[in-house]
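# Architecture at a glance
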Amino acid sequence: MPFTVLGTQIDTVITTEDRDLFAKAMDEINEKCAKSKSASSLEEALDAVKEIGFPVIVRAAYALGGLGSGFADNEKELIDLCNKAFAASPQVLVEKSMKGWKEIEYEVVRDAFDNCITVCNMENFDPLGIHTGDSIVVAPSQTLSDEDYNMLRTTAVNVIRHLGVVGECNIQYALNPYSKEYCIIEVNARLSRSSALASKATGYPLAYTAAKLGLNIPLNEIKNSVTKVTCACFEPSLDYCVVKIPRWDLKKFTRPFKRL
């Protein structure tokens, strides 16, 4: 029995989750990704690093929360990482490391009629190398110039339109702190933990809006259920500052800590 997929199509989801396909998609619009190569085996990963050079970051495909990903400064670390990654994923991307660069994220919505806005941008307090879930995150970004902000915003809109996302997604960047050089890390064509932070910070109900967009309702016909005044095509004003600090449940450690 035929069926219709609402919102973002399956091909788009596959492209954003498959590291090799994603890199090729970004190359189609001349967008910048770090030098990388996909690998489906340890041998392919070792061949890839010969071309790219250390240090590298290994990213597992089809994985949530950075599972199976990490940095490698030498062959031994690369082998250890790949063994863990291939236990959870059929593919890894071996990518030039940009550890120490700024990590920036934009939350974006797009409807089926190609109307697209950025709802929120966030900046990790920690440089690239600390997973977002373990990092302090500030919204909106506090260290970007207006030129940097709009450069990345324009890129976000171009990328999401090219991928054909319908609904909500986020795009993550690495930005050189000493220049305007940037690389696209990844696009999540779905709601994420960052989406919850963005919704609370801006008063823009991302999950509600994404559900409406999946029904092919245009942005200008969706009322903001929080403000009850504006419609969903209005980008929230930058009149807020929100900080997310991770909280670890130390009660899960049963052994008592030794006093120093």
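In this text, all values refer to a predicted model and were calculated from it rather than measured experimentally.

Strand pairing in a sheet relies on backbone hydrogen bonds, with the paired strands running either antiparallel or parallel. Taken in spatial order, the 6 strands of this open sheet run β9-β8-β5-β6-β7-β10, and their pairing is antiparallel. Lying at the two open borders of the sheet, with one neighbouring strand each, are β9 (182-188) and β10 (242-244). Within this sheet the neighbouring strands show an average axis-to-axis angle of 25 degrees, counted without direction. Taken together, the 2 bridges between strand β6 (residues 116-124) and strand β7 (residues 137-139) define a ladder with antiparallel strand orientation. When the sheet's bridge partners are listed, glutamate 123 is paired in β7 with valine 138. The sheet strands contacting helix α7 (residues 206-213) are β5 (102-110), β6 and β8 (167-175), and the helix crosses β5 at an angle near 45 degrees.

What follows concerns unusual backbone geometry. A negative phi angle is the norm for most residues apart from glycine, just as the trans form is the norm for most peptide bonds. Backbone torsion omega between phenylalanine 54 and proline 55 reads -5 degrees, so that peptide bond is classified as cis. Mapped onto the elements of the fold, proline 55 is located in the loop between α3 (42-52) and β2 (56-60). The linkage connecting alanine 139 with the following residue, proline 140, adopts the cis geometry, with an omega of -5 degrees. Positive phi is not limited to glycine here, since asparagine 30 has a value of about 60 degrees. Position of asparagine 30 among the secondary structure elements: in the loop between α2 (19-28) and β1 (36-39).

In a regular helix each residue adds 1.5 Å, so 12 residues correspond to 16 Å; helix α4 (residues 75-86) covers 16 Å between its end C-alpha atoms and thus fits that length. Those residues of α4 that sit buried are Leu78, Leu81, Cys82 and Ala85. Along the axis of α4, the buried positions cluster into a sector of 100 degrees, meaning they face one direction only. For α4, exposure combined with an orientation more than 90 degrees from the buried face picks out Lys76 and Lys84.

A cluster of nonpolar residues, Ile10, Ile14, Leu21 and Tyr62, forms a patch on the protein surface that exposes about 350 Å² of accessible area. Turning to its location among the elements, leucine 21 is positioned in helix α2. Looking at leucine 21, the relative accessible area reads 36%, which means it is partly exposed.

Let us now look at the environment of glutamate 31. Considering the arrangement of structural elements, one finds glutamate 31 in the loop between α2 and β1. Here glutamate 31 is in contact with Met26, Thr155, Val159, Tyr182 and Ile184, once residues within four sequence places are set aside.

Take the packing of α3 against α4 next. Between two packed helices, both the angle of their axes relative to each other and the distance between the axes serve to describe the pair. In contact at an axis separation of 10 Å, α3 and α4 are set at 140 degrees when each is read in the N-to-C sense. Viewed along their axes, α3 and α4 adopt a mutual orientation that is oblique. Handedness of the α3/α4 crossing: right-handed. Across the interface between the two elements, Leu42, Ala45, Leu46 and Val49 of α3 pack against Glu75, Leu78, Ile79, Cys82, Asn83 and Phe86 of α4.

As a further point, take α7. Within α7, burial applies to Leu206, Thr209, Ala210 and Leu213. Down the axis of α7, the sector holding all buried residues measures 100 degrees, keeping them to one side. Residues of α7 that are buried sit in contact with β5, β6, β8 and α6 (193-202).

Thresholds, definitions, all that
- Residues numbered from 1 in each chain as written.
- Predicted model: local features only at pLDDT ≥ 70, side-chain atom pairs only at ≥ 80, totals over all residues.
- Heavy atoms only, no water.
- Pairing = 2+ DSSP bridges.
- Helix = DSSP H or I, 4+ residues; strand = E, 2+ residues; numbered from the N terminus.
- Axes fitted to C-alpha atoms, helices over the stretch in contact; angles between N-to-C directions.
- Contact = heavy atoms within 4.5 Å.
- Expected span 1.5 Å × (residues − 1).
- Buried < 20%, exposed > 50% of the residue type's maximum accessible area, 1.4 Å probe, protein only.
- Arc of directions from axis to C-beta.
- Patch = residues over 30% accessible without salt bridge, like charges linked within 9 Å, V, L, I, M, F, W, Y side chains within 5 Å.
- Areas by Shrake-Rupley, 256 points an atom, 1.4 Å probe, with all protein chains shown as cover.
- Salt bridge = Lys/Arg side-chain N within 4 Å of Asp/Glu carboxyl O.
- Parallel < 35°, antiparallel > 145°, perpendicular 65-115°, else oblique.
- Left-handed = near helix turned anticlockwise from the far one by under 90°.

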